[in-house]
Amino acid sequence: MRVAVLGAGTIGGAIAKALKKAGYDVVATRRRIEKAKELLELGIEVISDNREAVEKADVVFIAVKPSKVGDVLEEIADLIEGKLVISVVAGVSLKELKRFAKAKFVRAMPNIAVLVGESFTAYATELEGEEVELVERLLRTFGDCVRVEEEHMDAITGLSGSGPAYVTVFLEAMVYGGLRVGLPRDLAKRASLQTLLGTAKLLMETERHPAEVREWVITPGGTTIDGVFELEEGKIRTAVMKAVDAATKKSRILSKRV
Ligand SMILES: NC(=O)C1=CN([C@@H]2O[C@H](COP(=O)(O)OP(=O)(O)OC[C@H]3O[C@@H](n4cnc5c(N)ncnc54)[C@H](O)[C@@H]3O)[C@@H](O)[C@H]2O)C=CC1
Ligand SMILES: O=C(O)[C@@H]1CCC=N1
């Protein structure tokens, strides 16, 4: 099966790599081919002609910026009639996509953890049966994947699409916390990262509520409660909720700019 990835930038490049690693034949396009050295080294064909890429492909991923998706779809409209086209473009609805071409569209939202096979990818589509099975086979090469109602896609974008950026802010703050109390940089980073990974794994494997796991850590009168007290004073919960809300709202208005 041959897959075209139009717009092999940050996420498109990650998608091309994941598909190639899973054994798919991948052709990718981007404006400046000289920036795609890593993809070429992996045996991914990189060209600048979207029409040539689509002609050769069974499935097409679109990973250009929201402001470019209309132009790209207009350019390839006749070639994607009846073809499976998966858009990972933030904020652009199935209805918008269908305005440009008669393709079998899927709206998906992965995150940058595609690079390590640990994305959370949600997708919405009107397709059924074997076509959805193919979509899932492709998206599973990125990590976990779930079908959702399209009404959730902007919120998914604001939560898990943008989420790695929020987590890195928190992680960096933890490392700085370690530096502040005198830990060497490497040790502070290693301790913070493993704590994040271990806590995520613990919550996933035990399926416990985060509050319950927090109670396991807080020894009455001990160290953790003093740390948690400071976090609550810094209003970390409202800060994170506001971040997700702002990114979701932005996703909702992006589609008006296509
Ligand atoms: N960066 C991320 O973590 C995620 C991004 N997305 C979505 O993916 C899309 C791309 O985002 P990024 O990868 O961050 O941006 P980017 O700027 O890194 O990548 C865009 C790529 O599109 C290429 N491009 C521009 N015009 C083109 C055209 N006419 N034909 C072919 N290629 C063209 C550019 O050369 C560039 O390589 C956006 O719509 C964004 O909403 C979705 C999920 C996660
Ligand atoms: O920042 C953005 O618009 C894209 C969508 C989700 C992650 N990055």
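Thresholds, definitions, all that
Residues numbered from 1 in each chain as written. Chains lettered and ligands numbered in written order. Predicted model: local features only at pLDDT ≥ 70, side-chain atom pairs only at ≥ 80, totals over all residues. Near = placed C-beta within 6 Å. Nonpolar A, V, L, I, M, F, W, Y, C, P; charged D, E, K, R; others polar. Helix = DSSP H or I, 4+ residues; strand = E, 2+ residues; numbered from the N terminus. Buried ≥ 20, exposed ≤ 12 C-beta atoms within 10 Å, placed from the backbone. Domains from an automatic or database assignment. Contact = placed C-beta atoms within 7 Å. Core = buried A, V, L, I, M, F, W, Y, C linked by C-beta atoms within 7 Å.

What to know about the site of ligand 2
Every residue lining ligand 2 is accounted for by Ala90, Thr157, Gly161 and Ser162. Here the residues of the shell around ligand 2 are counted per class, giving 1 nonpolar, 3 polar and no charged.

Some points on unusual backbone geometry
The backbone phi angle of Glu207 is positive, close to 55°, even though this residue is not glycine. As for its position among the elements, Glu207 is in the loop between helix H9 (185-206) and helix H10 (210-217). On the basis of neighbour count, Glu207 is assigned to the exposed category, with 6 C-beta atoms found within 10 Å. Non-glycine residue Lys235 carries a positive phi angle of around 55°. For Lys235, the position within the fold is in the loop between helix H11 (224-233) and helix H12 (236-254). Residue Lys235 is classed as exposed on the basis of its C-beta count, with 11 C-beta atoms lying within 10 Å.

Thoughts on the site of ligand 1
Around ligand 1 sit 27 residues in total, of which Gly7, Gly9, Thr10, Arg31 and Ala90 are the nearest. Elements represented by at least two residues in the shell around ligand 1 include exactly helix H1 (10-21) and helix H4 (66-76). The element contributing the most residues to the shell around ligand 1 is H4, with 4 residues. Looking at side-chain class alone, the shell around ligand 1 contains 13 nonpolar, 8 polar and 6 charged residues.

A word on the domain arrangement of the protein
Domain parsing of the protein yields domain 1 (2-153) and domain 2 (163-254). One C-alpha centre belongs to domain 1, the other to domain 2, and the line joining them spans 32 Å. Opposite the 6 residues of domain 1 that make contact, domain 2 presents 5 residues. Across the side of domain 1 that touches domain 2, the residue classes tally to 4 nonpolar, 2 polar and no charged.

Notes on the nonpolar core
Ranked by size, the top nonpolar core spans 57 residues in total, and within it Val5 and Phe61 carry the most contacts. If one sorts the elements of this core by residue count, H1 sits on top with 6 residues. Not counting chain neighbours up to four residues away, the residues in contact with Phe61 comprise Val3, Ala4, Val5, Leu6, Gly12, Ile15, Ile86 and Val88.

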